[in-house]
Amino acid sequence: MPGTARLVRLGASALLVGLAAVPAPAAARQLPDTYVVSRSPGVLPEGISISRDGTMYVSSDGTGTLYRGNVRDPRLRPFRVAGIEDRPSTLGVHTDVTGRVFSVGGAELTVHDRHGRLLASRSAQDGPLGASDLNDLVITRDAVYVTDWANPVVHRAEIHGGVLGPLLPWLDIRSAFPQFPAQYWLLNGIVADEEGTTLLVASNGTEAVWRVDVATRETALLDLGGESFGADGMLLRGRTLYAVLNYGAPSGVYIAELDKGLRAGSVTHRITGEPFDLPTTLARHGCRLYVVNSQNDEPPGKPPYTVSAIHDPICERSENR
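How each quantity is defined
Residues numbered from 1 in each chain as written. Predicted model: local features only at pLDDT ≥ 70, side-chain atom pairs only at ≥ 80, totals over all residues. Heavy atoms only, no water. Salt bridge = Lys/Arg side-chain N within 4 Å of Asp/Glu carboxyl O. Buried < 20%, exposed > 50% of the residue type's maximum accessible area, 1.4 Å probe, protein only. Pairing = 2+ DSSP bridges. Helix = DSSP H or I, 4+ residues; strand = E, 2+ residues; numbered from the N terminus. pLDDT = per-residue confidence, 0-100. Contact = heavy atoms within 4.5 Å. Disulfide = S-S within 2.5 Å. Polar contact = N/O pair within 3.5 Å; in protein donor to acceptor, adjacent residues only side chain to side chain. Axes fitted to C-alpha atoms, helices over the stretch in contact; angles between N-to-C directions.

### Some thoughts on the pattern of salt bridges
So, point 1. According to the stated counting rule, one finds 8 salt bridges in the structure shown.
So, point 2. With a shortest N-O distance of 2.8 Å, Asp 96 and Arg 100 are connected by a salt bridge.
So, point 3. With relative accessibility at 14%, the residue Asp 96 sits in the buried group.

In structure tokens, the structure reads:
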């Protein structure tokens, strides 16, 4: 994309008060600004997760490969894992507090340990529109919730005693907006609050984020003041929602502050332009946001395939309080 990264911070009157990315603290400047996932053709990176120790995992939509690196090293390498050799595409990837690596591709959810050993593999059932195409996932204390790009369905696998149960259809989200065509929901990112009682589910098709009460499965539109918000990947930290948009709005990172019940909020920052190249999702480590540049708008793209690191403007606000 032409131009430089633009950080827009919005007040209550939605006036522009900043255009340049906030400078990173001295310690963060020692870390790379760009991470090379791969220089091999056709990788098309998609998902990202960073564990507490800085280990970074990135998935490939183009080949299904998982890549691993560290925030201190600008280069990632293939992560040799068992059981996904025939998976043509891997999308969502996340780690839990024990370091296990959860990923989805096609109709399959897999779990690996940090050495690449396969711990579990679960297949999703077909949905109302046909075969599942799993997109993203979130891990809570007692379950894994997975979105389905091909069906308006959220799947759930219970976690009991560290053991993953079967992956079952849990929510048909059409009930929240019955008049909307089923094939166009296009479910994408999914996040949960710290207690695991509330989910936020992104829908590219409706250009909105939907709030789901886990106990009742009641689903309602997240009110962002009428703004179109068809997020791809998302990250929830307290009441701060970080989202990557690449459809219906300029591509980049959008940050919204939500109310206590995660029912409504407003967009406070928009960061668009370079260094992004059709970003799909993001992870956070320290005071930095790590954004995947998919190049999926022009497959197979052009190597190298990268992750861009930018300063998290919310950290600056917290530090100045």
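Past the structure itself, the notes keep going.
### Comments concerning the pairing of strand 22 (residues 265-272)
So, point 1. One ladder, built from 7 bridges, connects strand 21 (residues 252-258) with strand 22; its direction is antiparallel. Among the inter-strand pairings, Tyr 254 is bridged to a residue of strand 22, identified as Arg 270.
So, point 2. Linking two consecutive strands that pair antiparallel, namely strand 21 and strand 22, is a turn of 6 residues; a positive phi of about 55° is found at Leu 262 within it.

### A few points about the confidence of the model for the chain
So, point 1. Of all residues in the chain, 89% have pLDDT values of 70 or greater, and the mean over the chain is 91.
So, point 2. Contacts from residues 8-28, a stretch scored under 50 in pLDDT, to residues over four places away or in other chains number 33 contacts.

### Structural notes on the state of the cysteines
So, point 1. What the rule picks out here adds up to 1 disulfide.
So, point 2. Two residues share a disulfide in this structure: Cys 287 and Cys 315, whose sulfurs sit 2.2 Å from each other. What sets the handedness of the Cys 287 and Cys 315 disulfide is the S-S torsion sign, and at about -100° it is left-handed. With a gap of 28 residues between them, Cys 287 in the loop between strand 23 (279-285) and strand 24 (288-293) and Cys 315 in helix 2 (residues 313-319) connect regions that are remote in the sequence.

### Remarks on the side chain of Ser 89
So, point 1. Along the chain, Ser 89 falls in the loop between strand 6 (77-78) and strand 7 (93-95).
So, point 2. Judged by relative accessible area, Ser 89 falls into the buried class, the value being 17%.
So, point 3. In terms of polar contacts, Ser 89 uses its side chain to reach the side chain of Asp 61, at 2.6 Å.
So, point 4. In this view, Ser 89 contacts Ser 60, Asp 61, Thr 63, Gly 64, Val 104, Gly 105 and Gly 106; residues no more than four positions away in its chain are not counted.

### Focus on the sheet that holds strand 11 (residues 134-139)
So, point 1. In space, the 4 strands of this open sheet follow the order 11-12-13-14, with antiparallel pairing throughout. Each having just a single partner strand, strand 11 and strand 14 (163-172) make up the two edges of the open sheet. The mean angle between the axes of side-by-side strands here comes to 25°, regardless of whether they run parallel or antiparallel.
So, point 2. Both strand 13 (residues 153-160) and strand 14 contribute to a ladder of 7 bridges, which runs antiparallel. Each bridged residue has a counterpart across the sheet, and for Val 153 the counterpart in strand 14 is Asp 172.

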